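# Breakdown of the fold
Okay, here's what each chain looks like letter by letter:
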Amino acid sequence: MMRLKKLTRDLAREGILPYLVSSLPNIEYLTGFKGSYGTLLIARKGPFFISDSRYEEYAKKILPRGVEFVLQKDGLPNAIREVLEKTADRALYLEEHSLTLGAYYALKDGLAKVKLLRGGDAVNALRVVKDPGEIELLREAAAITDRCVEHLAGFVKPGLTEWEVATEIEDFYRGAGCRGSSFSTIVASGAGSSMPHYDTSMEKTIEEGDALLIDMGCHFRGYNSDLTRTFFMGWIDEEMRRIYGIVREAQEAALEAVRPGVTAGKLDSIARGIIAKNGFGEAFGHSLGHGIGIDVHEVPAIRAKSPFRLKKNTVITIEPGIYIPGIGGVRIEDMVLVTEAGREVLTHFTKDIVVIH
Ligand code: GLY
Ligand code: MN
Ligand code: MN
């Protein structure tokens, strides 16, 4: 309720009430509702949560006091109209990033007398700064992933398929009390490791001499972790050793620069500068990282030229990589909390070169 109160106060100050929250992660953040269908309408007179009969009993049980449940019986526009008639509102501000075009036109057609207005992205902006409870959950999600990657270093061997490794990760997470992985696990061996978002193969086996890039994370009590390490099977050649050293230097330099007030663009340019200086600028195509919390990717994006200034208690990833098509790639990714004094890295697994024998 504290989050909802703060949001309502901010929206009232900016004059953007009533406000329609349609993103489910944002609704979860504000109310604790974890279902697959619902809409939150924050009116001047208070918050209304609209959902259908599948969620009536559950929602009434978990919604914070003061949030009124509205049973949707005949489409969302009618349920919204019912609320707006009650609160005597003639306009509605819409959360911009989450409403589909289809949903927008359904509202436009179904609420002919209501003025639909752009409402910006207020909830995502609030979510950037984590509270102590959220930080604890992110810390725990990171710790589970650390334990999992430790386990993997002893588990992976030539002859296993990439899929078998991904399954081991999933089983580990379930056993540790997680709902599962926070995204589709990437286990990329050999030449596959040059594709940053490689599609883990059911058939491909891990071979001696492969680089093995594993990008993994868990979903623990509503919060996500995200970590990448690149192992080497049996041996590592000189070129890969050099590439690994450059990625590690870039990753650690960017981590070192994390503190309140630094821009996301500056972090990106620190890592990218080191990679470019060593001649691999073209081989690092993606952005440096992202915020993480209820969503595995959330605000802020840590990308080139971003003027976004980091805030205390924001959690982000730092994940540079070098990818050589046909040969292989290296990425190193950690989660880091922005603290008053600078930073606290939440994932701890070694970044020394790990050669698996
Ligand atoms: N696995 C996606 C990412 O690291 O952002
Ligand atoms: Mn990742
Ligand atoms: Mn990531």
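Let me sum up the structure you'll find in this document.

Rules used in this analysis
Residues numbered from 1 in each chain as written. Chains lettered and ligands numbered in written order. Predicted model: local features only at pLDDT ≥ 70, side-chain atom pairs only at ≥ 80, totals over all residues. Heavy atoms only, no water. Pairing = 2+ DSSP bridges. Helix = DSSP H or I, 4+ residues; strand = E, 2+ residues; numbered from the N terminus. Contact = heavy atoms within 4.5 Å. Axes fitted to C-alpha atoms, helices over the stretch in contact; angles between N-to-C directions. Near = heavy atom within 4 Å. Polar contact = N/O pair within 3.5 Å; in protein donor to acceptor, adjacent residues only side chain to side chain. Areas by Shrake-Rupley, 256 points an atom, 1.4 Å probe, with all protein chains shown as cover. Nonpolar A, V, L, I, M, F, W, Y, C, P; charged D, E, K, R; others polar. Donors = N, O, S within 2.8 Å, 3.2 Å for Na, K, Ca; no water. Tetrahedral: all angles 85-135°; square planar, octahedral: opposite > 155°, others 65-115°. Buried < 20%, exposed > 50% of the residue type's maximum accessible area, 1.4 Å probe, protein only. Expected span 1.5 Å × (residues − 1). Arc of directions from axis to C-beta. Parallel < 35°, antiparallel > 145°, perpendicular 65-115°, else oblique. Left-handed = near helix turned anticlockwise from the far one by under 90°. Salt bridge = Lys/Arg side-chain N within 4 Å of Asp/Glu carboxyl O. Lys, Arg positive; Asp, Glu negative; His and termini not counted.

The next subject is the sheet that holds strand E10 (residues 218–220). With respect to topology, three strands assemble into an open sheet ordered E7-E10-E11, the strand pairing being antiparallel. Each end of this open sheet is capped by a strand with a single partner; those strands are strand E7 (180–181) and strand E11 (223–224). Relative to E10, E7 runs antiparallel, the two being bridged by two bridges. The partner of Ser181 across the bridge, within E10, is Cys218. Of the strands in this sheet, E10 and E11 touch helix H7 (residues 132–155), which is tilted by about 140° from E10.

Quick look at the site of ligand 1 now. Around ligand 1 lies a shell formed by Phe183, His197, Asp215, Asp226, His290, His297, Glu319 and Glu333. One of the side-chain N or O atoms of His290 is found 3.0 Å from an oxygen atom in ligand 1. The separation between an oxygen atom of ligand 1 and a polar side-chain atom of Glu333 is 3.2 Å. A total of 190 Å² of accessible area belongs to ligand 1 in isolation, and the protein chains cover 95% of it. In terms of residue class, the shell around ligand 1 is built from one nonpolar, three polar and four charged.

Bringing the coordination of the manganese ion (ligand 3) into the picture now. Ligation of the manganese ion (ligand 3) by protein atoms is provided by Asp226 (OD), His290 (NE2), Glu319 (OE) and Glu333 (OE), these donors lying 2.0 to 2.2 Å from the ion. What the six donor atoms of the manganese ion (ligand 3) show is an angle range of 53 to 158° at the metal, which sorts the shape as irregular. Coordination of the manganese ion (ligand 3) draws on donor residues from a single chain, spaced D-x63-H-x28-E-x13-E in sequence. A relative accessible area of 3% means that Asp226 is categorised as buried.

Sheet architecture is open: six strands sit in the order E4-E3-E2-E1-E5-E6, paired in mixed fashion. If you trace the sheet from one side to the other, it starts and ends with strand E4 (68–71) and strand E6 (115–118), each paired once. Here the strands of the sheet are splayed against their neighbours by 30° on average, with no regard to which way each runs. Across four bridges, the pairing between strand E3 (residues 46–51) and E4 is parallel. Considered in E4, the bridge of Phe49 is made with Phe69.

What follows concerns helix H10 (residues 264–277). Given 3.6 residues to a turn, an α-helix orients residues that are three or four positions apart in the same direction. Here H10 is 14 residues long and its end C-alpha atoms lie 20 Å apart, about the 20 Å a rise of 1.5 Å per residue gives. When we look at burial in H10, the residues that qualify are Ala264, Gly265, Leu267, Asp268, Ala271, Ile274 and Ile275. Lining the buried residues of H10 we find helix H9 (238–256), strand E14 (298–302), strand E15 (315–318) and strand E16 (321–324). Positive phi appears at Gly279, one or two residues downstream of H10, with a value of about 90°.

Further remarks concern helix H1 (residues 2–14). Under the 1.5 Å per step criterion, the end-to-end length of H1 is 18 Å for 13 residues, consistent within 8% with the ideal 18 Å. Within the sequence span of H1, burial applies to Leu4, Leu7, Asp10 and Leu11. The arc that holds the buried residues of H1, viewed along the axis, is 130°, so those residues lie on one side. More than 90 degrees from the buried face of H1, the exposed residues found are Met2, Lys5, Arg9 and Arg13.

So, about the packing of H9 against H10. Following both chains from N to C, one finds H9 and H10 inclined at 160°, their axes separated by 8 Å at the closest point. As far as their axial angle goes, H10 and H9 are roughly antiparallel. Remark: the crossing between H9 and H10 carries right-handed chirality. Contact residues: H9 offers Ile246, Glu249, Ala250, Ala253 and Ala254, while H10 offers Leu267, Ile270, Ala271, Ile274, Ile275 and Lys277. Within the contact of H9 with H10, the residues separate by chemical class into nine nonpolar, no polar and two charged.

The next subject is the pattern of salt bridges. For the structure on display, the rule yields 28 salt bridges. Notably, a salt bridge pairs Glu28 with Lys34, separated by 3.8 Å at the nearest N-O pair. The salt bridge involving Glu96 is made with Arg118; its shortest N-O contact spans 2.8 Å. Taken together, the residues span a long stretch of sequence, with Glu96 in the loop between strand E5 (91–94) and helix H5 (101–110) and Arg118 in strand E6 at a distance of 22 residues. Judged by relative accessible area, Glu96 falls into the partly exposed class, the value being 37%. Linked by salt bridges that have partners in common, Arg127, Lys130, Asp295 and Glu298 make up one network.

With that settled, the discussion passes to the side chain of Glu95. Tracing the sequence through the fold places Glu95 in the loop between E5 and H5. For Glu95, which is buried and forms no salt bridge, the nearest opposite charge comes from Arg127, at a distance of 7.2 Å. Here the side chain of Glu95 touches Ser23 through a polar contact of 3.0 Å, landing on its backbone nitrogen. There is a polar contact of 3.0 Å between the side chain of Glu95 and the side chain of Ser98. When residues no more than four places from it in sequence are discounted, the contact partners of Glu95 are Tyr19, Leu20, Val21, Ser22, Ser23, Asn26, Gly120 and Val123.

That is the geometry; function is a separate question.
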